[in-house]
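Summary of the model geometry
For reference, the chains in residue letters:
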Amino acid sequence: SPMETTARKVAGHLREQGNIAYFAGGCVRDMVRGLTPKDYDIATDARPETVQMLFPRTYAVGAHFGVIIVLEDGFQFEVATFRSDDAYIDGRHPSAVHFSSPEADAKRRDFTINGMFYDPVAGEVIDLVGGQTDIAGKLVRAIGDPAKRFAEDRLRMLRAVRFAAVLEYQIDKGTWDALVANAASINQISAERIREELVRIFSSPNRVRGWDLLDTSGLIGAILPELEAMKGVLQPEQFHPEGDVFVHTGLMLSLLPETVSVPLVFAVLFHDVAKPVTAT
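Here's a quick rundown of the structure. (Residues numbered from 1 in each chain as written. Predicted model: local features only at pLDDT ≥ 70, side-chain atom pairs only at ≥ 80, totals over all residues. Heavy atoms only, no water.)

With that settled, the discussion passes to the overall build of the protein. A count of helical and extended segments in the protein gives 14 helices and 11 strands. For the protein, with 280 residues in total, the buried portion stands at 50%. Residue pairs in contact within the protein that sit at least 24 positions apart in sequence constitute 60% of those at least 6 positions apart. About 13300 Å² of surface is accessible on the protein, with carbon and sulfur atoms providing 54% of the total. (Helix = DSSP H or I, 4+ residues; strand = E, 2+ residues; numbered from the N terminus. Buried < 20%, exposed > 50% of the residue type's maximum accessible area, 1.4 Å probe, protein only. Contact = heavy atoms within 4.5 Å. Areas by Shrake-Rupley, 256 points an atom, 1.4 Å probe, with all protein chains shown as cover.)

Below you can see the structure in the form of C-alpha cells.
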C-alpha cells in the first residue's frame, strides 16, 4: 500500500542516520494476522529532537513521552522513542520517562499481541513478549503482571474487552482475574476515554460478545450503573419471554445489523433506562 511504502521510507531515513527504526504495535499485530494495517507506528532509538531534525514536517504531540508526528507524502506517522516508564501517578501518566531499548519498550506495552516490532529492512518480526504465540492461540494476555498493567492505565481493562470482542479472542485467565479484581477503578479515567472504547466495542459486529464481557467483568456496573440496574427488573412475560430488561437489551444488541451507527447502538442500550418501572 502507498502508506506502507511511505512508512518504510520514514523508517529507512532514520536507519540511514544510524538509528534503529521498527514498525511497532497494532500494525505489527495486523501484519502477523495477514491483514493490511490502517496506520503504521514507528519506534526508534533516535531522540525526539533528532526525529524533528531529520524530517521537514513534524509536530510534537508528546515530546516528553518521546512521541513526534511525522508528515510525509500526505500520511502521518507516530514516531516514538523507545522508552521505559517510572511509576504511574494517576492511573494514566508515568511520573518519568526514560529513553531506552526495544526490550524495555516492549515490556511497558499493554498486551503481548500489541508488543511486537517489525524490522522493515530485515523483513522480520521482533517478538520479545510472545505475541505471535498468543495470536496463534487467539489470546489477549497482558505483558508482565496484569494488575500492574491495569494500574498504570485503567483504560487497558476496556481495551482488553475490545480486543477480545473485535478479534474474537479469549482473555488469558491471569489477565481476566486482574480485570475483574480492578473493574471498579475504571472510573479513575475520563468519561471521554471510556466513551471512545465503548463506541469501538459496540460498533463492532461482535458487540454482543463485548456486552457479555463488560457485564461479567463488572465493568458495565462501574461505568453504567443504570444498565446494571436493569438486572432483575422483570417484564410482563407475555411480551418478554426472554427475561429481565438487561437480558432484553442484550438481545436487542444481537438483532442490530453488522455495521451500525453509534447513536443507534446507544439508543438501544438506553431504550429502557428512562421508562418508569411500574408494578404490574
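The discussion continues.
This paragraph deals with the pairing of strand S4 (residues 67-72). Burial runs high along S4: 6 of the 6 residues are buried. Every second residue of S4 is oriented toward a common face, with Val67, Ile69 and Leu71 on one face and Ile68, Val70 and Glu72 on the other, all of them buried. Bridging between strand S3 (residues 58-62) and S4 involves 4 bridges; their strand directions are antiparallel. Counterpart to Tyr59 in the pairing with S4 is Ile69. Linking S4 to strand S5 (residues 75-81), which pair antiparallel, is a turn of 2 residues; within it Asp73 sits at a positive phi near 55°. (Pairing = 2+ DSSP bridges.)

Tracing the backbone shows Arg149 in helix H6 (residues 146-152). Counting along the chain gives 39 residues from Arg149 to Asp110, while the straight-line C-alpha distance between them is 6.4 Å. Look past the residues within four positions of Arg149 in its chain and what remains in contact with it is Lys107, Arg108, Arg109, Asp110, Ala142, Ile143, Gly144 and Arg156.

This part is about the packing of aromatic side chains. Inspection of the entire model under this criterion finds 8 aromatic pairs. Aromatic pair Phe23 and Tyr118: ring centres 6.0 Å apart, planes at 25°, arrangement stacked. Highlighted residues: Phe23 in strand S1 (residues 21-24) and Tyr118 in strand S8 (residues 117-119), separated in sequence by 95 residues. The exposure class of Tyr118 is buried, given its relative accessible area of 12%. Taken together through their ring pairs, the aromatic side chains of Tyr22, Phe82 and Phe117 make up a single cluster. Against the face of Phe163 rests Arg162, its NZ or CZ located 4.8 Å from the ring centre. (Phe/Tyr/Trp six-rings, centres within 6.5 Å; stacked < 30°, edge-to-face > 60°. Lys NZ or Arg CZ within 6 Å of the ring centre and 35° of its normal.)

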